[in-house]
Amino acid sequence: MSEISPVSMLRPRRKILGMSAILLPYLADHSVDWASFDRHVERTLEAGLVPAVNMDTGYINLLDDLTKLEVLRRTQLVCAGQPFVAGAFIADQPGALFDRTGYLRRVSEICQHGGTPVIFQSFGLTSQSDDALVESYVEIGRHCDRFIGFELGQMFAPFGKIYSLDAYRGLMGVSQCIGAKHSSLSRELEWQRLLLRDQVRPDFHVFTGNDLAIDMVMYGSDYLLGLSTFAPDLFARRDAYWAEGDARFYELNDVLQYLGFLAFRNPVPAYKHSASMFLNLREWIATDLTHSAAQTRPAGDREILSEILSQLERL
């Protein structure tokens, strides 16, 4: 890998592909607020972003199978042929083998509903050698036209793994894999992948999952973020500013990043409660409640989030 020169990697006026994870909202009786969910998918489409459902932002690891399928069914109806992506998640334990049958079942469910699968990692997937790992993705590609890979740092999940560059090169060699979400929170590791992408497969999308460095889009990353669920309209405006060479990109990006620093502080999984608070403040969802098993933020965060919302509304 050649030496990284971030300044030389800047991609001004590039059209950014934005994918936004959809928060699954809840009502006071702890049931899913399906009406608000549908509207948030619509709102994301209207902004020009690709909805990403059954992701971490949608509590994928906490949902039962019927709820996951209802998410897919409703998303298919709302999208009405427009593209969306959805998480293919397998719950397993340390020491487990690669669950080929489980992954193919999840992939099939997503494809049958018109979505593109995002392949979540699992202990069985990430414990393999690089060659076996790549072959697992090859096998998934035999059963769907297109999918998105996913590297996840262990600060997010114990089954996560950031792949070697050799494994990443192998992943880019799977024609059905159109890109991969990278969630290491490391600029350098993401820059390495961008350089490799440019050398090996320029049409491959590096989707940043770094909610602490959302300006990675300046260097050639696209994005699949949880932070953008707070404000798909403002992320879309920011992206348009970049494509137009409009200097307003920087100030809007700065305030959105301020929001990200607050929401994604430790414990990181509690960002979903931050999202619920923020969307409730925007009167986009009925409550600021989360899934009953999710981590939460202190109530005092609402005041800070309200201040950030006011800043964003002035831009």
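You'll find the structure just up there.
Notes on the structure follow. As the structure is a prediction and not an experimental result, all values here were calculated from the model.

**Here we look at the environment of Arg 282**
Here Arg 282 lies in the loop between helix H11 (271-281) and helix H12 (301-313). Each C-alpha atom, one on Arg 282 and one on Val 107, is 34 Å from the other, the two residues being 175 residues apart in sequence. What Arg 282 contacts, discounting residues up to four positions off in sequence, is Phe 230, Ala 231, Asp 233 and Leu 309. Within the structure, the side chain of Arg 282 is placed 3.3 Å from the backbone oxygen of Phe 230, a separation counted as a polar contact.

**Concerning the pattern of salt bridges**
Close approach of charged atoms allows side chains with opposite charge to pair. Within this structure, the stated rule accounts for 23 salt bridges. The salt bridge involving Asp 56 is made with Lys 272; its shortest N-O contact spans 3.3 Å. On the criterion of sequence distance, the pair formed by Asp 56 in the loop between strand E2 (50-53) and helix H3 (65-79) and Lys 272 in helix H11 is long-range, its members being 216 residues apart. Relative accessible area serves as the criterion here: at 5%, Lys 272 is assigned to the buried category. Linking Arg 282 and Asp 233 is a salt bridge whose minimum nitrogen-to-oxygen distance equals 2.8 Å. One end of the pair, Arg 282, is in the loop between H11 and H12; the other, Asp 233, is in helix H9 (residues 232-244), with 49 residues separating them in the sequence.

**Points about the side chain of Gln 128**
Structurally, Gln 128 is set in the loop between helix H5 (123-126) and helix H6 (130-141). Reaching out from Gln 128, the side chain makes a polar contact with the side chain of Ser 136 at a distance of 3.0 Å. Setting aside chain neighbours within four positions, we find Gln 128 in contact with Phe 98, Leu 133, Ser 136 and Lys 161.

**Remarks on a nonpolar patch on the surface**
A cluster of nonpolar side chains, Met 155, Leu 185, Leu 212 and Phe 261, forms an exposed patch at the surface whose accessible area comes to about 340 Å². With relative accessibility at 31%, the residue Leu 185 sits in the partly exposed group.

**Digging into the pairing of strand E7 (residues 205-208)**
Look at any regular strand and the pattern is simple: side chains alternate between the two faces of the sheet. One ladder, built from 4 bridges, connects strand E6 (residues 177-183) with E7; its direction is parallel. Looking across to E7, one finds that Gly 179 is bridged to His 205. Since E6 and E7 lie parallel, the crossover through helix H8 (residues 187-200) that links them has a hand, and here it is right-handed. Bridge count for E7 against strand E8 (residues 222-225) is 2 bridges, and the pairing is parallel. Bridge pairing links Phe 207 to Asp 222 in E8.

Procedures and definitions
- Residues numbered from 1 in each chain as written.
- Predicted model: local features only at pLDDT ≥ 70, side-chain atom pairs only at ≥ 80, totals over all residues.
- Heavy atoms only, no water.
- Helix = DSSP H or I, 4+ residues; strand = E, 2+ residues; numbered from the N terminus.
- Contact = heavy atoms within 4.5 Å.
- Polar contact = N/O pair within 3.5 Å; in protein donor to acceptor, adjacent residues only side chain to side chain.
- Salt bridge = Lys/Arg side-chain N within 4 Å of Asp/Glu carboxyl O.
- Buried < 20%, exposed > 50% of the residue type's maximum accessible area, 1.4 Å probe, protein only.
- Patch = residues over 30% accessible without salt bridge, like charges linked within 9 Å, V, L, I, M, F, W, Y side chains within 5 Å.
- Areas by Shrake-Rupley, 256 points an atom, 1.4 Å probe, with all protein chains shown as cover.
- Pairing = 2+ DSSP bridges.
- Right-handed = clockwise from strand over helix to strand, strands pointing away.

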